[in-house]
Amino acid sequence: MGLKILGAKCALVCNPSFDILPNGGVLFEGGRILEVGDYAKLCTKHPSAKAHFYKNALLMPALANPHIHFEFAGQKNNFSYGSFEGWLSSVMSNRSQVLKKATAHMQKAVCEQLMQGVASVGAISSYGLDRPILKESPLRVVFFDELIGANADITPAFEAFSKRHALSLECQSAKFTPAIAIHAPYSVHKDLAKQVLSTYKSPVVSTHFLESKAELDFLEGRGGYFKDFYAKHGLSAPHYVSPLEFLDLFQGQKLLLVHAMFATKVHLQHVKESAHPTLISCPRSNRLLSGKLLDFKQINKAGVKIALATDGASSNANTLLLEELRIALFALNVPLLEALPQILLGATLRASHALGLQGGSLQAGFLADFALFGFNSQPNLQGVLHWLLQARKVQSLYIGGEWVWGSKRGFKAR
Ligand code: MCF
Ligand code: FE
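These figures come from a predicted structure and were not determined experimentally. (Residues numbered from 1 in each chain as written. Chains lettered and ligands numbered in written order. Predicted model: local features only at pLDDT ≥ 70, side-chain atom pairs only at ≥ 80, totals over all residues. Heavy atoms only, no water.)

With respect to the overall build of the protein
- Secondary structure summary: the protein contains 16 helices and 15 strands in total.
- The C-alpha atoms of the protein give 21 Å as radius of gyration, which agrees with the globular expectation for 414 residues (22 Å, within 12%).
- For the protein, the spread of C-alpha atoms along the three principal axes comes to 70 × 45 × 40 Å.
- Looking at the protein as a whole, 59% of its 414 residues are labelled buried.
- Once local pairs closer than 6 in sequence are excluded, the contacts in the protein between residues at least 24 apart make up 71%. (Helix = DSSP H or I, 4+ residues; strand = E, 2+ residues; numbered from the N terminus. Rg over C-alpha atoms; globule rule 2.2 N^0.38 Å. Buried < 20%, exposed > 50% of the residue type's maximum accessible area, 1.4 Å probe, protein only. Contact = heavy atoms within 4.5 Å.)

Comments concerning the coordination of the iron ion (ligand 2)
- Looking at the iron ion (ligand 2), the protein donor atoms are His-67 (NE2), His-69 (NE2), His-208 (NE2) and Asp-311 (OD), and they sit 2.1 to 2.4 Å from it.
- For the iron ion (ligand 2), the donor residues sit on a single chain with the sequence spacing H-x1-H-x138-H-x102-D. Here His-69 is found in the loop between strand E5 (63–68) and helix H2 (84–100), whereas its partner Asp-311 is found in the loop between strand E12 (305–308) and helix H13 (321–331), with 242 residues between them in sequence.
- On the basis of relative accessible area, His-69 is assigned to the buried category, the value being 9%. (Donors = N, O, S within 2.8 Å, 3.2 Å for Na, K, Ca; no water.)

Looking at the nonpolar core
- The biggest cluster of nonpolar side chains holds 127 residues, and the ones touching the most others in it are Leu-6, Phe-70, Ile-182, Phe-370 and Trp-387.
- Top element by residues in this core is H2. It accounts for six residues.
- Residues from two domains meet in this core; each of domain 1 (4–62 + 360–406) and domain 2 (63–354) gives at least three.
- When sequence neighbours within four positions are dropped, the list of residues in contact with Phe-70 reads Met-106, Ala-109, Val-110, Gln-113, Val-121, Ala-123, Ile-124, Asp-130, Leu-134 and Leu-139.
- Ala-64, Ala-181, Ala-309 and Leu-355 belong to the second-largest nonpolar core, a separate cluster that totals 18 residues. (Core = buried A, V, L, I, M, F, W, Y, C linked by side-chain atoms within 4.5 Å. Domains from an automatic or database assignment.)

Brief notes about helix H11 (residues 283–290)
- Most of H11 sits inside the fold, with six of its eight residues counted as buried.
- Where H11 is concerned, the buried positions are Pro-283, Arg-284, Ser-285, Asn-286, Leu-289 and Ser-290.
- Immediately downstream of H11, the backbone of Gly-291 shows phi near 90 degrees, a positive value.

Topic: the site of ligand 1
- Taken together, 18 residues lie near ligand 1, and Ser-126, Glu-146, His-208, Glu-211 and Asp-311 sit nearest.
- Contact distances for ligand 1 include 2.9 Å between an oxygen atom and a side-chain N or O atom of His-208.
- Separating a nitrogen atom of ligand 1 from a side-chain N or O atom of Ser-314 is a distance of 3.2 Å.
- The element contributing the most residues to the shell around ligand 1 is H2, with three residues.
- Across the shell around ligand 1, the residue classes break down as six nonpolar, eight polar and four charged. (Near = heavy atom within 4 Å. Polar contact = N/O pair within 3.5 Å; in protein donor to acceptor, adjacent residues only side chain to side chain. Nonpolar A, V, L, I, M, F, W, Y, C, P; charged D, E, K, R; others polar.)

Some words on the sheet that holds strand E9 (residues 205–209)
- Read across the open sheet, the eight strands follow the order E5-E6-E7-E8-E9-E10-E11-E12; overall the sheet is parallel. Looking at which strands have only one partner, the edges of the open sheet turn out to be E5 and E12. Averaged over all pairs of adjacent strands, the angle between strand axes in this sheet comes to 25 degrees, irrespective of strand direction.
- In the sheet, E9 pairs with strand E10 (residues 254–259) via five bridges, with the strands oriented parallel. Of the residues in E10, the one forming a bridge with Ser-206 is Leu-256.
- The strands touched by helix H10 (residues 265–274) within the sheet are E9, E10 and strand E11 (276–281), with E11 carrying the most contacts at an inclination of about 135 degrees. (Pairing = 2+ DSSP bridges. Axes fitted to C-alpha atoms, helices over the stretch in contact; angles between N-to-C directions.)

Points about the environment of Ala-157
- Mapped onto the secondary structure, Ala-157 falls in helix H5 (residues 155–170).
- Put simply, Ala-157 and Leu-192 are 35 residues apart on the chain and 7.7 Å apart in space, counted from C-alpha to C-alpha.
- Residues contacting Ala-157, with those up to four places away along its chain left out, are Ile-148, Gly-149 and Leu-192.

Some remarks on the UniProt feature "domain: Amidohydrolase-related" (unreviewed entry) in the protein
- The residues that UniProt annotates with the feature "domain: Amidohydrolase-related" (unreviewed entry) are residues 59–404.
- In the segment residues 59–404, helix accounts for 42% and strand for 19%; the C-alpha atoms at its two ends are 15 Å apart. (UniProt positions renumbered as here; feature names shortened; annotations may be inferred.)

Some thoughts on the side chain of His-165
- Along the polypeptide, His-165 turns up in helix H5.
- A distance of 2.9 Å separates a polar atom in the side chain of His-165 from a polar atom in the side chain of Asp-145.
- In contact with His-165, not counting residues within four places along its chain, are Asp-145, Pro-178, Ala-179, Ile-180 and Tyr-200.

Regarding the environment of Leu-357
- Relative to the assigned elements, Leu-357 resides in the loop between helix H15 (349–354) and strand E13 (370–374).
- Counting along the chain gives 288 residues from Leu-357 to His-69, while the straight-line C-alpha distance between them is 19 Å.
- Ignoring anything within four residues of it in the chain, the contact list for Leu-357 reads Ser-120, Arg-140, Val-142, Ser-352 and Leu-367.

Some remarks on H5
- With 16 residues, H5 extends 23 Å between its outermost C-alpha atoms, agreeing within 8% with the 22 Å of an ideal straight helix rising 1.5 Å per residue.
- Taken residue by residue, H5 has Phe-158, Phe-161, Ser-162, Arg-164, His-165 and Ser-168 as its buried positions.
- Close packing links the buried residues of H5 with strand E6 (118–125), helix H4 (131–136), strand E7 (140–147), strand E8 (176–182) and helix H6 (190–199). (Expected span 1.5 Å × (residues − 1).)

Comments concerning the packing of aromatic side chains
- Applying the stated rule across the entire model yields 24 aromatic pairs.
- With a centroid separation of 5.6 Å and an interplanar angle of 45 degrees, the aromatic rings of Tyr-225 and Phe-229 are classed as tilted. Of this pair, Tyr-225 and Phe-229 both sit in helix H8 (residues 225–232), separated by four residues, roughly a single helical turn.
- Residue class for Tyr-225 comes out partly exposed when judged on its relative accessible area of 22%.
- By relative accessible area, which is 7% here, Phe-229 ends up buried. (Phe/Tyr/Trp six-rings, centres within 6.5 Å; stacked < 30°, edge-to-face > 60°.)

Here's what the structure looks like:
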């Protein structure tokens with residue numbers, strides 16, 4: 001413990017105005033940031049603090065990946081891509097094969113997050129297989145026990161969920177926050193969702209929403225793919241009168257609304273008025289399953305905050321967040337230099353806020369989770385753009401003020 005100062009050639013504050021500080025620094029203690037500013041000035045003002053300056057580096061709040069399925073980390077070519085319907089059918093037939101080899105792949109996926117500079121994750125857990133691994137990992141975890149169960153007899157699914165969630169609640173700590181995910185409208189009976197959400201308080205709630213046209217057709221009573229789906233799998237169909245009835249499950253909640261590819265202005269307005277949503281966009285997953293990317297312009301226009309995530313290897317090529325951010329930079333329908341802050345805030349400040357954490361920005365009172373990357377450009381927007389184009393690996397990662405990954409530099413007394 002004790003006061004510490006970290007500094008670097010370029011400090012990316014990740015505040016809403018996207019400030020960039022040349023030779024910037026942070027003063028921190030006990031896992032929280034105390035002050036942010038010019039590194040040399042911080043050192044003069046706090047002579048008792050131990051300090052380290054990273055010369056050719058970029059200092060930023062550690063990244064957050066607010067939506068990832070670790071349990072499916074072993075998925076390589078078991079699931080079919082190109083249409084949501086084909087994907088879901090392949091999940092139904094092949095998921096047990098993928099889950100069999102989960103453990104080693106989950107460990108690797110955790111290391112990959114750290115290696116990318118990710119400190120916080122929103123982990124969607126369908127079975128609880130990832131709980132012990134994430135609990136033991138250095139990551140800051142919001143652990144979403146995911147509810148699935150379409151049958152009208154809700155008791156068995158409620159009891160099974162309660163057992164899993166009780167195990168997660170036992171793991172609660174400063175770095176492990178149990179929470180609830182309602183999988184999707186097509187897989188969760190509304191009475192089951194209501195019972196879970198009224199029985200257990202969750203700091204934030206996550207849900208997959210309108211990822212596909214098939215789901216919109218189903219919710220608007222047009223049949224389509226889901227018409228025969230339930231009978232084919234020996235399940236009963238959940239029923240909602242409209243997408244709005246599903247959204248009403250989350251009244252007053254801090255909500256991670258994942259995908260929302262087919263959400264209309266009316267849906268977005270409704271959820272904005274009834275809950276506190278952040279739309280979590282997973283660009284590669286959306287391209288692979290639904291064919292296209294989210295229309296960011298539309299979402300910005302609707303005034304809904306956006307964060308970015310990788311989703312799981314179940315619907316992606318890998319779970320490397322820096323790669324996801326670059327793809328977003330190339331593909332979004334927003335001018336490049338407007339997209340850059342939006343993307344970086346979407347994987348820091350907004351992602352952390354969506355997870356209910358006070359992190360993702362270099363500001364007093366925020367979590368002392370820092371990522372340092374090699375940086376050879378000028379400390380300005382162009383420099384940051386070139387950094388993102390090239391960034392492959394974090395140089396050092398600190399979580400809760402402690403070094404956890406990469407090269408370890410000693411702080412020196414002065
Ligand atoms: O986000 C993607 C695509 N949409 C829905 N679900 C999942 C995604 N990646 C993994 N899943 C899991 C989900 O958690 O697939 C299963 C659930 O366990 C689908 S329900 C049979
Ligand atoms: Fe997902």
